[in-house]
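These are the residues of each chain, in order.
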Protein chains: 2
Amino acid sequence: MEQMIGKQSLKFTNAPYIIETACIAGKKEGEGPLGKLFDKVCEDGMFGKNTWEEAESELQKETIALALSKASYTPSDMRYIFAGDLLGQLIASSFGVKDYNIPFFGVYGACSTMAETMALASMTVAAGYANKVMAVASSHFASAEKQFRFPLAYGNQRPLSSTWTVTGCGAVIIGNETSAVKITGITTGKIVDYGVKDSMNMGACMAPAAADLIYQNFMDFGVDASYYDKIVTGDLGSLGQEILITLMKEKGFDISKVHMDCGIEIFDSKTQNTASGGSGCGCAAVTLCAYLLRKMKKEWKRILFVPTGALLSPTSFNEGKSIPGVAHGIILERNE
Amino acid sequence: MEQMIGKQSLKFTNAPYIIETACIAGKKEGEGPLGKLFDKVCEDGMFGKNTWEEAESELQKETIALALSKASYTPSDMRYIFAGDLLGQLIASSFGVKDYNIPFFGVYGACSTMAETMALASMTVAAGYANKVMAVASSHFASAEKQFRFPLAYGNQRPLSSTWTVTGCGAVIIGNETSAVKITGITTGKIVDYGVKDSMNMGACMAPAAADLIYQNFMDFGVDASYYDKIVTGDLGSLGQEILITLMKEKGFDISKVHMDCGIEIFDSKTQNTASGGSGCGCAAVTLCAYLLRKMKKEWKRILFVPTGALLSPTSFNEGKSIPGVAHGIILERNE
């Protein structure tokens, strides 16, 4: 049966399942609206380590261990691990996964990484290349600020358009055993560059890529917003949400009633001083595991999960280049 | 038919083909032993741009265009592009591929990236998710030195164990149409860390990962060195080659007669001052396209292509961490 749908999508003949998940978040995330839903909240931002990068690796390592333990699996039950993070050369992932001895595909999709790992993981399982695999993405506020913006001790002012990188990691075990939620299709994004150069307004960098992805998903599957109970972007924040809804209206679709953004959900921006919202690959990852999949058990039957990435690099940014965006879409359906 | 073989390998039921390739290299590479075999040698290391990073993006962009033109395809014929490079946040790739509007999977495998992109690309085609896709990897001497080691103007001494990052890009179109060479299987590597901390001896960092991968390939397929006409690593260099052959002997296999390393082939280290050899994801990528696939048309029937990556980051290195290695294996066979 043909699995290619339209220009950029796949509809799996043998849809893989989300067998188990785990998510660990930082202290600030734990104090937010989703705080009680995380599997674990770590009060120590250093995760017992000496550097922010080691802290993020430890966060990945513990989240992977937790997902395995919740599912009663050992590392050798995972045929592959697809993992990524925001740091140069993916050091959070390479040092985070190395002790598990699982065949490793490192991927980089900026803050869209959770969907990129899940897309490749579900393609792998649906093709019969594996029975069980793991998809992982993480970010850490301090390692990200250090790399992309200013030293924390500098205490720079944060404009209202800025977002707050989430300290968090999500790990999803995808396999061919039946469970409550299945991955029925994916839409793979192109790089979209509207020429935005403001690293303090990532929502504006990513919203065009999200709009492009959602529009293409509608075209490929021949549907509109009413097909989904929710369309959930990763970390556009409140400003990016406005831009996305406007861009989609220009394309002829009103998604305002079903749109939700993980970056808006994860913090209470009024009391937590997070400006436009949360961001980072950990934002979509932990919100999926803690909140979205819970809602799918009873309330929502079908959602489009669209983490969005801003392809920002400190080098290209300092060289005056724009910040292109990318988005990846995952269709999740309740198994009934 | 079962495609999973052993612990870490796949044997494709519908083996995809290498339909076309393109490779562009820098001036120094053009002066080396393989110089005449590259599709194009660019005398200007800046590729007409203002920064080394833009130069590497332009190199990718031109190589992709050349591969498409050699095959008489347009960008829209490619259902996906899998691309990666050594730079933080994959900026060479994101700015290199963005104008083509092809659905994009960014991957990071350090210098093993060419095999990681080819593995995912061939999995995608063999599963029926696409008819044609492209796999790309690049590196640039100057952008890599700037990021990983010293400013070029500093003129640091290079120890004999060091390698010289290749300026080059390889692009491979993989599809389900018959051609001269097919990808019959893959072996996916784990991260292997022997605790080596010397960024000027990357061969020593990567050789254990190469040995682990080759050994696992032998186990999974139930073969030994005699099964392959050549086992070709990516960029171990002459020191890394010695370590690999020794490690394989300890595991009970003599690969000395069939082993070849792209890093050794690409430069004449005696006259070109390249110490232990060439390195970078571009090294294996251009050697595959220019040399290995040519040899497969007449001389070799089956090779194991094993690009190796050192998961070096300037941040983790400066924090005193080790440099773990990873390798990915691709089995290429002449179609007869």
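Okay, so let's go over this structure.

Reading the values: rules and limits
The written sequence of each chain sets the order in which its residues are numbered from 1. To label them, take the chains in the order written and letter them from A, then take the ligands in the order written and number them from 1. The predicted origin of the model limits local features to residues at a pLDDT of at least 70 and limits the giving and counting of side-chain atom pairs to 80 or more, whereas totals for whole chains, interfaces and linings rest on all residues. Where side-chain values are given, they derive from all heavy atoms of the structure, hydrogens and water being excluded. Salt bridges, as used here, are contacts in which a Lys or Arg side-chain nitrogen is within 4 Å of a carboxyl oxygen on Asp or Glu. Burial status follows relative accessibility: with a 1.4 Å probe on protein chains alone, a residue under 20% of its type maximum counts as buried, one over 50% as exposed, and anything between as partly exposed. Note on conventions: DSSP H or I runs of at least 4 residues are helices, E runs of at least 2 residues are strands, and numbering of each starts at the N terminus. Two strands are said to pair when DSSP picks up at least two bridges between them. By this rule, a helix spans an expected 1.5 Å times one less than how many residues it contains. Think of it as the arc spanned by the lines of direction from the helix axis to the C-beta atoms. We call two residues in contact whenever any of their non-hydrogen atoms come within 4.5 Å of each other. Any residue with an atom within 4 Å of a point lines the site, the site being either a cavity, points on a 1 Å grid over the protein atoms alone where a 1.4 Å probe fits but cannot get out, or a pocket, an open set with protein on both sides within 12 Å along at least 5 of 7 lines. Grid points are joined across faces, edges and corners, and a volume is the space filled by probe spheres set on the points. When residues are sorted by character, Ala, Val, Leu, Ile, Met, Phe, Trp, Tyr, Cys and Pro go into the nonpolar class, Asp, Glu, Lys and Arg into the charged class, and all the rest, Gly among them, into the polar class. Side-chain rings of Phe, Tyr and Trp, where Trp is taken by its six-membered ring, are said to pair if the distance between their centres is within 6.5 Å; with planes under 30 degrees apart they count as stacked, over 60 as edge-to-face, and otherwise as tilted. For a Lys NZ or an Arg CZ to count as sitting over a ring, it must be within 6 Å of the ring centre and within 35 degrees of the ring normal. The least-squares superposition of copies is restricted to C-alpha atoms, and to residues with a pLDDT of at least 70 in both copies. Buried area counts how much accessible surface, traced with a 1.4 Å probe, disappears from two parts once they are put together, with both parts' losses summed. Here a polar contact is recorded for every N or O atom pair within 3.5 Å, except that within protein the pair must consist of a potential hydrogen donor and a potential acceptor, and residues adjacent in sequence are included only if both atoms are side-chain atoms.

Points about the pattern of salt bridges
In this structure the tally under the stated criterion is 38 salt bridges over all chains. Note that A:E31 is salt-bridged to A:K27, the shortest N-O span being 3.3 Å. Here A:E31 falls in the exposed class, since its relative accessible area comes to 53%. Where B:D193 meets A:K98, a salt bridge forms, and the shortest distance between an N and an O atom there is 2.9 Å. Of this pair, B:D193 sits in the loop between β10 (181–188) and α6 (202–221) while A:K98 sits in the loop between α3 (91–97) and β6 (104–106), placing the two residues on different chains. On the accessibility criterion, A:K98 (18% relative accessible area) is buried. The network of salt bridges with shared partners includes A:K61, A:K98, A:D99 and B:D193.

Structural notes on the pairing of strand β10 (residues 181–188) of chain A
Along any regular strand the residues' side chains alternate between the sheet's two faces. All names here are of chain A. Taking burial as the measure, the eight residues of β10 include seven buried ones, the bulk of the element. Here strand β2 (residues 9–11) runs beside β10; their pairing, made up of three bridges, is antiparallel. Within β10, the position partnered with K11 by the bridge is G185. Pairing of strand β3 (residues 17–26) with β10 involves two bridges; the strand directions are antiparallel. Paired with Y17 across the bridge in β10 is K182.

Comments concerning helix α7 (residues 237–250) of chain A
All names here are of chain A. Given a rise of 1.5 Å per residue, 14 residues ought to cover 20 Å, and the 20 Å separating the end C-alpha atoms of α7 matches this to within 8%. By the burial criterion, the buried members of α7 are G237, G240, L244, I245, L247 and M248. For α7, the arc enclosing every buried residue in end-on projection is 165°, short of the 170-degree limit, so these residues lie on one face. Facing away from the buried surface of α7 by more than 90 degrees, the exposed residues are E242, K249 and E250. On the buried face of α7, the contacting elements are α6 (202–221), β11 (230–233), β12 (259–261) and α8 (262–266). Just beyond α7, the residue with positive phi is G252, at close to 95°.

Side note on the layout of surface pockets
Reported here for the largest pocket is a volume of approximately 350 Å³. What lines the largest pocket is a set of 22 residues, and nearest its centre among them are A:Q147, A:P314, A:T315, B:Q147 and B:P314. Of all the secondary structure elements, the ones that give two or more residues to the lining of the largest pocket are α5 (141–148) and α11 (314–318) of chain A together with α5 (141–148) and α11 (314–318) of chain B. A class-by-class count of the residues in the lining of the largest pocket yields six nonpolar, twelve polar and four charged.

Some words on the packing of aromatic side chains
A full pass over the atoms with the stated rule returns 22 aromatic pairs over all chains. Ring plane angle 85° and centroid distance 6.3 Å describe the contact between A:Y291 and A:W300, whose orientation is recorded as edge-to-face. Exposure class is identical for A:Y291 and A:W300. Each is buried. Seen from their ring centres, B:F218 and B:Y228 are 6.5 Å apart, and the 20° between their planes marks the pair as stacked. With a gap of ten residues between them, B:F218 in helix α6 and B:Y228 in the loop between α6 and β11 (230–233) connect regions that are remote in the sequence. Judged by relative accessible area, which is 2%, B:Y228 ranks as buried. Chaining the aromatic ring pairs together yields one cluster made of A:Y215, A:F218, A:Y227, A:Y228 and A:F253. Cation over ring: A:K28 sits above A:W164, and NZ or CZ is 4.2 Å from the ring centre. One cation-aromatic arrangement involves A:K321 over B:F95; the distance from NZ or CZ to the ring centre is 4.8 Å.

Section: the relation of the copies chain A and chain B
In this structure, two copies of a chain are linked by a rotation about an axis accompanied by a shift along it. Mapping chain A onto chain B calls for a rotation angle of 180° and an axial translation of 0.0 Å; the resulting RMSD is 0.0 Å. Viewed as a symmetry operation, the transformation between the two copies matches a two-fold axis. When the interface residues of chain A are mapped onto chain B, 100% of them again lie at the interface, so the same face is used by both copies.

A look at the interface of chain A and chain B
Listed by partner, the interface residues are 65 residues for chain A and 65 residues for chain B. Regarding the contact of chain A and chain B, the summed buried area is about 5,000 Å², with carbon and sulfur atoms giving 62% of it. Summed over the shared surface of chain A and chain B, the result is six salt bridges. For the pair chain A and chain B, the number of links is 28 residue pairs in polar contact (both at pLDDT 80 or more). Broken down by element, the side of chain A that touches chain B gets its largest block of residues, seven residues, from helix α4 (residues 113–126) of chain A. Residues belonging to the side of chain A that touches chain B are distributed by class as follows: 31 nonpolar, 22 polar and twelve charged.

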